[in-house]
Amino acid sequence: MTGQVRTVDGRVAGRRGQATRQKLLDCLSEMLSASPYRDVKVIDVARKAGTSPATFYQYFPDVEGAVLELAEGMAKEGTGLTELVAGRSWVGKAGWQSAEELVEGFLDFWRRHDAILRVVDLGAAEGDKRFYKIRMKILSSVTGSLTESIKELQARGKVDKDVSPAAVAGSLVVMLSGVASHQKGFTTWGVKQAELRPNLALLVHLGITGKKPVR
């Protein structure tokens, strides 16, 4: 919306400027899907967007700055992953459905944002705190909801009291993110997507409830 987007020097961007800025981000996102992050240059992004490097620099300090903009937008969407857990039942057949929908939603989110998530993972692994915070923002939304779900099951006597809800939830989310980022690699091991998802849902259900699912 007009008035909410500013140029690097602090000026408010008008509608045309906002459209140009968004086109630059869209083109960058597309290029990240086809090229390694460090091979993407400002001049290439600008050319693909039909504008100039000078225009690019009006809105972003460099490629990394633009990547961070994409990552922040993706992270905001990622916080919605908590809806895959919050308020869901983990008892009986409903528990199996909750596990399936969590896995489906998580893997689908990762697939849609695969290119930018690869850059976020790389930056986080190299110790860049900006990328680390973005990664944790996404994972923490799911971890917090799962922790509360396990606590609720504990309070009802359905999960052993010695279980650490946060430890289990965190481990499951790290497992989900690891599998999600390696989805293509599973085909190398002869694992089909149709096989991966239900088996991953089984692990999630067992981890949360400690019981085999009722299907």
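For the structure itself, consult the block above.
Reading guide: rules and limits
- Here, residues in each chain are numbered from 1, in the same order as that chain's written sequence.
- Residues qualify for local features only when their pLDDT is at least 70, as the model is predicted, and side-chain atom pairs are given and counted only at 80 or more; totals for whole chains, interfaces and linings, by contrast, use all residues.
- Side-chain numbers here rest on the full set of heavy atoms in the structure, without hydrogens or water.
- Runs of E in the DSSP output that reach at least two residues are strands. Runs of H or I that reach at least four are helices, and both are numbered from the N terminus.
- A 1.4 Å probe rolled over the protein chains alone gives each residue an accessible area, and that area as a share of the maximum for its type sets the label: buried under 20%, exposed over 50%, partly exposed in between.
- Between 30 and 60 degrees the pair is tilted, below 30 it is stacked and above 60 it is edge-to-face, where a pair is any two Phe, Tyr or Trp rings, Trp via its six-membered ring, whose centres lie within 6.5 Å.
- In our convention, an over-ring charge means Lys NZ or Arg CZ found within 6 Å of a ring centre and within 35 degrees of that ring's normal.
- What makes a nonpolar core is a set of buried Ala, Val, Leu, Ile, Met, Phe, Trp, Tyr and Cys residues whose side-chain atoms join them at distances within 4.5 Å.
- The contact criterion used throughout is that any non-hydrogen atoms of two residues lie within 4.5 Å.
- Polar contacts here mean pairs of N or O atoms no more than 3.5 Å apart (in protein, one a potential hydrogen donor and the other a potential acceptor; neighbouring residues in sequence count only if both atoms are side-chain atoms).
- By this rule the span expected of a helix is its residue count minus one, scaled by 1.5 Å.
- To get an axis, a line is fitted to the C-alpha atoms, and for a helix only the part in contact is used. The angle between two axes follows their N-to-C directions and goes from 0 to 180 degrees.
- When an angle is under 35 degrees it counts as roughly parallel; over 145 it counts as roughly antiparallel; between 65 and 115 it counts as roughly perpendicular; any other value is oblique.
- For any pair of crossing helices, the crossing counts as left-handed if the nearer helix is rotated counterclockwise from the farther one by less than a right angle, and right-handed if it is rotated clockwise.
- For this classification, Asp, Glu, Lys and Arg are treated as charged, while Ala, Val, Leu, Ile, Met, Phe, Trp, Tyr, Cys and Pro are nonpolar and the rest, including Gly, are polar.

Asker: Which parts of the structure should I look at to understand the environment of R112?
Answerer: If you trace the backbone, R112 turns up in helix α5 (residues 92–112). Looking at R112, the relative accessible area reads 51%, which means it is exposed. Taking the C-alpha atoms as reference points, R112 and L25, separated by 87 residues in sequence, lie 16 Å from one another.

Asker: How should the packing of aromatic side chains be read in this particular structure?
Answerer: Aromatic rings in a pair are described by how distant their centres are and how their planes are angled relative to each other. This structure, assessed with the given rule, holds five aromatic pairs. Ring centres of F56 and F60 lie 5.3 Å apart, and the angle between their planes is 50 degrees; on these two criteria the pair is classed as tilted. An identical accessibility class is assigned to F56 and F60; each is buried. Between F106 and W110, the ring centres sit 5.1 Å apart and the planes meet at 10 degrees, which makes this aromatic pair stacked. A residue pair is termed a helical-turn pair when its members lie 3 or 4 positions apart in one helix, as F106 and W110 do in helix α5 at four residues. Neither residue differs from the other here; F106 and W110 are each classed as buried. Put simply, the rings of F56, Y57 and F60 touch in pairs and so form one group of aromatic residues. The ring of W96 has R215 lying over it, and the distance from NZ or CZ to the ring centre is 4.2 Å.

Asker: Would you mind showing me how to read the nonpolar core here?
Answerer: Nonpolar side chains in soluble globular proteins generally cluster together in the buried interior. One finds L28, L32, V67, L102 and L146 to be the most contacted residues of the largest nonpolar core, which totals 60 residues. Discounting residues that sit within four places of it in the chain, L102 has contacts with L84, V85, W90, V142, L146, L176 and V204.

Asker: Sorry if this is basic, but what is going on with the environment of K211 here?
Answerer: Turning to its location among the elements, K211 is positioned in the segment after α9 (193–209). For the pair K211 and K158, spaced 53 residues apart in the sequence, the C-alpha separation amounts to 9.5 Å. With sequence-adjacent residues up to four places away left out, K211 is seen in contact with K158, H205 and L206. Among the polar contacts made by the side chain of K211, one reaches the main-chain carbonyl oxygen of K158 at a distance of 2.9 Å.

Asker: I keep staring at helix α6 (residues 114–125) and nothing clicks. Help me out?
Answerer: For an α-helix the count is 3.6 residues per turn, leaving residues at separations of three or four pointing the same way. Under the 1.5 Å per step criterion, the end-to-end length of α6 is 16 Å for 12 residues, consistent within 8% with the ideal 16 Å. Within two residues after α6, G127 carries a phi angle of roughly 90 degrees, on the positive side.

Asker: Got a minute to help me understand the packing of α5 against α9 in this structure?
Answerer: Packed helix pairs are characterised by how far apart their axes lie and by the angle those axes make with each other. Between α5 and α9, the shortest axis-to-axis distance is 8 Å and the interhelical angle comes to 120 degrees. Relative to α9, the element α5 is oriented oblique. Relative to α9, α5 is oriented so that their crossing is right-handed. Together, G95, W96, A99, E100, L102, V103, E104, L107, D108 and R111 of α5 and R197, P198, L200, A201, L202, V204 and H205 of α9 make up the contact between the two elements. Looking at the contact of α5 with α9 residue by residue, the classes come out as 10 nonpolar, two polar and five charged.

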